[in-house]
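# Summary of the model geometry
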Amino acid sequence: MSKVCTVVHWFRLDLRLHDNYAFRNALNEAENRQYLLRPIYLVDDDITRKIGVNRLRFLIQSLQDLNSNLKKLNSRLFVLRGKATEVFPKLFDDWQVKYLTMQVDIDPVLVEQDEVIEKLAEEKDVFIVRRVQHTLYDVHSILKKNNGSVPLTYQKFLSLVSNIQIKDSIEITKKVPDQCNPVDIASNEYNVPTLNELGIEENSLGVCKYPGGETEALKRLNIYMAKKQWVCTFEKPKTSPNSIEPSTTVLSPYLSHGCLSSKHFYLKLKSIENEMSHSQPPVSLLGQLMWREFYYMAGAGTENFDKMVGNPVCTQIPWGKNDEHLKAWAEGRTGYPFVDAIMRQLKEEGWIHHLARHMVACFLTRGDLWISWEEGAKIFEDFLLDYDWALNAGNWMWLSASAFFYKYFRVYSPVAFGKKTDKEGLYIRKYVPELKKYPTEFIYEPWKAPKTIQITAGCIIGEDYPYRLVDHDKIHKENIKKMSAAYKVNKEKKSLKRKLK
DNA sequence: ACCCTAGTTGTCTAG
DNA sequence: ACTAGACAACTAGGG
């Protein structure tokens, strides 16, 4: 007896049912051809080495939510363990797969993997459908529109996409017919793994401020979209990096995992903006989505986008190496309370405000520690719930003045910057509790506090809280000179290249 | 080739 | 609370 054929939808960074064209495609195909439908997710065996614990928790929660939403459609999520390139050849045979749907991704590791999968599928006669649904625009067609070169300014990017229409978002409500479900539909073999099963002590993790999942994403989106006045007056630079509760939406982790469709978000914003006057890109909420598109396009069109060497858009800067300083930065013990508070919030909660990212990124690179942005990007990859390959590399290059942004002499002060929105240092007191009792006068510069005050506040600088690693006022000026020299060399190289042509 | 303009979000001081 | 200028002078894109 020949087995019934199967349609597989491979969930990756599209952990949702709304606005998921690729999944709808699979569902329709299974129904029309009377094939079996298996929505799958692959968990790599070394996942715990690749993803930080907070993000792993977010992912597992997202998978659980996806599974329960699929169950409402009379289906389920089939979670499989192993590497895609090893799992698929077996699946193709075992399940008689005829049709595989998935979304298009940009991360070169995934792109490379997809090429292998595509080849394997071809050999086994599996038809693959890939849909652009993680971004608003098909980045490759934008690049083509710009004669194959990457626009290096946001405004240029906006002009390229200005007349592209965004299609409607879709809702999937149709239930999967019983005959499309395989016999092992209820098997525990395919359950979403728990954190404990992955070797993570769940109660060793901090409070979960941002639970993963499509349900949570849409709930969060709707809360913010209900505040129409807030949406329409939103200007990113005017939001606070150090408020105790986030001053922005924190939808980014949901976008990066695909729990929220960027297109769904975009269309909501558009319909609100149609009703009243509103702020504009780059500072508006819609402008934030456009930044995401901008970096996706840059990432897709640039070789070695996540590295300095061999990256054509990245200025080559002779960064130093200092593992002690790097570690202190990552662990929130630079001796600059604002920087340390941010890094500790990042590690504990997995999310920090965009401007807080500016502060610590500038501090690590061109501002103070003179350490490569690649090192910072790796730490962010570990800690951020909203880690996103293209955005992470792009923003790190921006902040280190390696690409997209060039005014390297504008340096964030670890003392002055935070004071603008938090004079009392309430944010520092929360995340660096050893300084909780410091007088406001010294909360941003505790090393200036007289010994008697340090004793009264119960925190001796150099013992209970570190002495500052560097003297910002002095070192940032030296670093500006180094940047200037690096730019000069870069310029000479460029003009030499032009002459050679 | 050259010049001009604009660029998501700096800091500090003086008024 | 705000605005303007000094600081020292960046690059990409467009004309």
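Position numbers for residues start from 1 in each chain and track the written sequence from start to end. Note on labels: chains are lettered from A, ligands numbered from 1, in written order. Local features in this predicted model are restricted to residues whose pLDDT is 70 or higher, and side-chain atom pairs enter the listing and the counts only when it is 80 or higher, whereas totals over whole chains, interfaces and linings include all residues. To obtain the side-chain values, all non-hydrogen atoms of the structure were used and water was disregarded.

Residues are labelled near a given molecule or strand when at least one of their non-hydrogen atoms is within 4 Å of it. Around DNA strand B, the surrounding shell holds 20 residues, and the nearest of these are Pro237, His354, His358, Ser413 and Ala416. Backbone atoms, meaning sugar plus phosphate, form 42% of the atoms of DNA strand B positioned within 4 Å of the protein. Within the side chain of His358, an N or O atom sits 3.5 Å from a base oxygen of DNA strand B. Separating a phosphate oxygen of DNA strand B from a backbone N or O atom of Ser413 is a distance of 2.8 Å. By the criteria applied, helices consist of DSSP H or I runs no shorter than four residues and strands consist of E runs no shorter than two, each listed in order from the N terminus. For the surface near DNA strand B, the secondary-structure elements that each account for two or more residues are α7 (154-161), α12 (285-301), α15 (354-367) and α18 (416-419). Counting residues per element, the surface near DNA strand B draws most heavily on α15, at three residues. Partitioned by chemical class, the residues of the surface near DNA strand B number eleven nonpolar, five polar and four charged. For the purposes of these results, a polar contact is taken to be a pair of N or O atoms within 3.5 Å, where, inside protein, one atom must be able to donate a hydrogen and its partner to accept one; residues adjacent in sequence count only when each atom of the pair is a side-chain atom. Each residue gets one label: Ala, Val, Leu, Ile, Met, Phe, Trp, Tyr, Cys and Pro are nonpolar, Asp, Glu, Lys and Arg are charged, and the others, such as Gly, are polar.

Moving on: the packing of helix α16 (residues 373-383) against helix α17 (residues 389-399). Angles here are taken between N-to-C directions and fall from 0 to 180 degrees, while the axes themselves are lines fitted to C-alpha atoms, restricted in helices to the stretch in contact. It is the contact of α16 with α17, at a shortest axis distance of 10 Å, that shows an interaxial angle of 140°. Between α16 and α17, the angle falls in the class oblique. Seen from above, α16 lies across α17 with right-handed handedness. Contacts between α16 and α17 involve Trp373, Gly376, Ala377, Phe380 and Glu381 from the former and Asn392, Ala393, Trp396 and Met397 from the latter. Convention used here: angles under 35 degrees read as roughly parallel, angles over 145 as roughly antiparallel, angles from 65 to 115 as roughly perpendicular, and any remaining angle as oblique. A clockwise turn of the near helix away from the far one marks a right-handed crossing, whereas an anticlockwise turn of less than a right angle marks a left-handed crossing. Contacts between residues were defined by any pair of non-hydrogen atoms, one from each residue, lying within 4.5 Å.

Moving on: the domain arrangement of chain A. Just so you know, the domain bounds were taken from an automatic or database domain assignment. As assigned here, chain A comprises domain 1 (1-133), domain 2 (135-167 + 215-301) and domain 3 (323-487). The distance between the C-alpha centroids of domain 1 and domain 3 comes to 40 Å. The interface of domain 1 with domain 3 comprises eight residues on the first partner and ten residues on the second. Here's the idea: put two parts together, see how much 1.4 Å probe accessible area each one loses, and the total over both is what we call buried area. At the boundary of domain 1 with domain 3, total buried surface from both sides reaches about 730 Å², with 56% on carbon and sulfur atoms. We count a salt bridge whenever a side-chain nitrogen from Lys or Arg sits within 4 Å of a carboxyl oxygen from Asp or Glu. Our count for the domain 1 to domain 3 interface comes out at zero salt bridges. Where domain 1 touches domain 3, the interface holds four residue pairs in polar contact (both at pLDDT 80 or more). A per-element tally of the side of domain 1 that touches domain 3 places helix α3 (residues 53-72) first, with three residues.

The next point concerns the protein's contact with DNA strand C. Near DNA strand C you find Pro151, Leu152, Thr153, Lys156, Tyr406, Lys407, Tyr408, Phe409, Tyr487, Lys491 and Lys494, and these make up its full shell. Protein-proximal atoms of DNA strand C, defined as those within 4 Å of the protein, fall in sugar or phosphate at a share of 96%. Lys156 places a side-chain nitrogen or oxygen 3.1 Å from a phosphate oxygen of DNA strand C. Between DNA strand C and Lys491, the relevant distance is 3.4 Å, taken from a phosphate oxygen to a side-chain nitrogen or oxygen of the residue. Ranked by the residues each element gives to the surface near DNA strand C, the list is headed by helix α21 (residues 472-500), at three residues. Along the lines of polarity and charge, the residues of the surface near DNA strand C split into six nonpolar, one polar and four charged.

Now for a positive patch on the surface. Patches draw on residues past 30% relative accessible area with no salt bridge. Two like charges within 9 Å are joined, as are two nonpolar side chains (Val, Leu, Ile, Met, Phe, Trp, Tyr) within 5 Å. Surface accessibility in these figures is a Shrake-Rupley result with a 1.4 Å probe; residues are shielded only by whichever protein chains are displayed. Counted charges follow a simple rule, with Lys and Arg positive, Asp and Glu negative, and His plus the chain ends left uncounted. By convention, the point assigned to a charge is CZ for Arg, NZ for Lys, CD for Glu and CG for Asp. Side chains of Lys493, Lys494, Lys497, Arg498 and Lys499 sit close together on the surface and give a patch of like positive charge. Positionally, Lys493 belongs in helix α21.

Another aspect to go through is the pairing of strand β4 (residues 97-103). Per-residue accessibility, obtained with a 1.4 Å probe over protein chains only, is compared with the maximum for each type, and a residue is labelled buried under 20%, exposed over 50%, and partly exposed between these values. Among the seven residues of β4, six are classified as buried, and the element is accordingly described as predominantly covered. Following DSSP output, two strands are said to pair if at least two bridges run between them. Strand direction decides the pairing type here: strand β1 (residues 6-11) and β4, joined by four bridges, are parallel. Each bridged residue has a counterpart across the sheet, and for Thr6 the counterpart in β4 is Val97. Where β4 meets strand β5 (residues 127-131), five bridges bridge the pair, whose relative direction is parallel. Note that in β5 the partner of Leu100 across the bridge is Ile128. The β-α-β motif built from β4, the intervening helix α5 (residues 108-123) and the parallel element β5 has right-handed crossover chirality. Handedness is read with the strands pointing away from the viewer; a crossover is right-handed when the path from the first strand over the helix to the second is clockwise.

The subject of this paragraph is the environment of Lys430. Along the chain, Lys430 turns up in helix α19 (residues 426-431). Through-space distance from the C-alpha of Lys430 to that of Gln345 is 9.2 Å; in sequence the pair is 85 residues apart. Sequence-distant contacts of Lys430, that is, excluding residues within four places in its chain, are made with Ile244 and Glu349.

Attention shifts here to the pattern of salt bridges. Tallying each qualifying case throughout the model produces 31 salt bridges. Close ionic contact of Lys50 with Asp44 constitutes a salt bridge, the shortest N to O distance being 3.3 Å. The partner of Lys219 in a salt bridge is Glu216, and the shortest N-O contact between them spans 3.8 Å. Residue Lys219 and its partner Glu216 are located together in helix α8 (residues 214-225), separated by three residues, close to a single helical turn. A residue is classified by how much of its surface remains accessible, and Lys219, at 48% relative accessible area, is partly exposed. The exposure class of Glu216 is partly exposed, given its relative accessible area of 21%.

Here we take up the packing of aromatic side chains. Within 6.5 Å between ring centres, the rings of Phe, Tyr and Trp (the latter by its six-membered ring) count as paired, and their orientation is classed by plane angle as stacked under 30 degrees, edge-to-face over 60, tilted in between. According to the stated counting rule, one finds 37 aromatic pairs in the structure shown. Aromatic pair Tyr224 and Trp230: ring centres 5.3 Å apart, planes at 45°, arrangement tilted. Classification of Tyr224 as buried rests on a relative accessible area of 12%. Where Tyr336 meets Phe363, the ring centres are 5.5 Å apart and the plane angle is 65°; that geometry is what we call edge-to-face. Of this pair, Tyr336 sits in the loop between α13 (323-330) and α14 (337-349) while Phe363 sits in helix α15, placing them 27 residues apart in sequence. We note that Tyr336, like Phe363, is buried. Of the aromatic side chains, those joined through ring pairs into one cluster are Tyr137, Tyr154, Phe157, Trp291, Phe294, Tyr295, Phe305, Trp389, Trp398, Phe404 and Phe405.

Moving on: empty space enclosed by the protein. Residues are called lining when one of their atoms sits within 4 Å of a cavity or pocket point, these points coming from a 1 Å grid over the protein atoms alone, where a cavity is a set in which a 1.4 Å probe fits but cannot get out and a pocket is an open set with protein on both sides within 12 Å along at least five of seven lines. Grid points are joined across faces, edges and corners, and a volume is the space filled by probe spheres set on the points. Throughout the structure, instances matching the rule amount to three cavities of 30 Å³ or more. Empty space within the largest cavity amounts to approximately 70 Å³. Going through the elements one at a time, α3 and α14 are the ones with two or more residues in the lining of the largest cavity. Looking at which element gives the most residues to the lining of the largest cavity, the answer is α3, with four residues.

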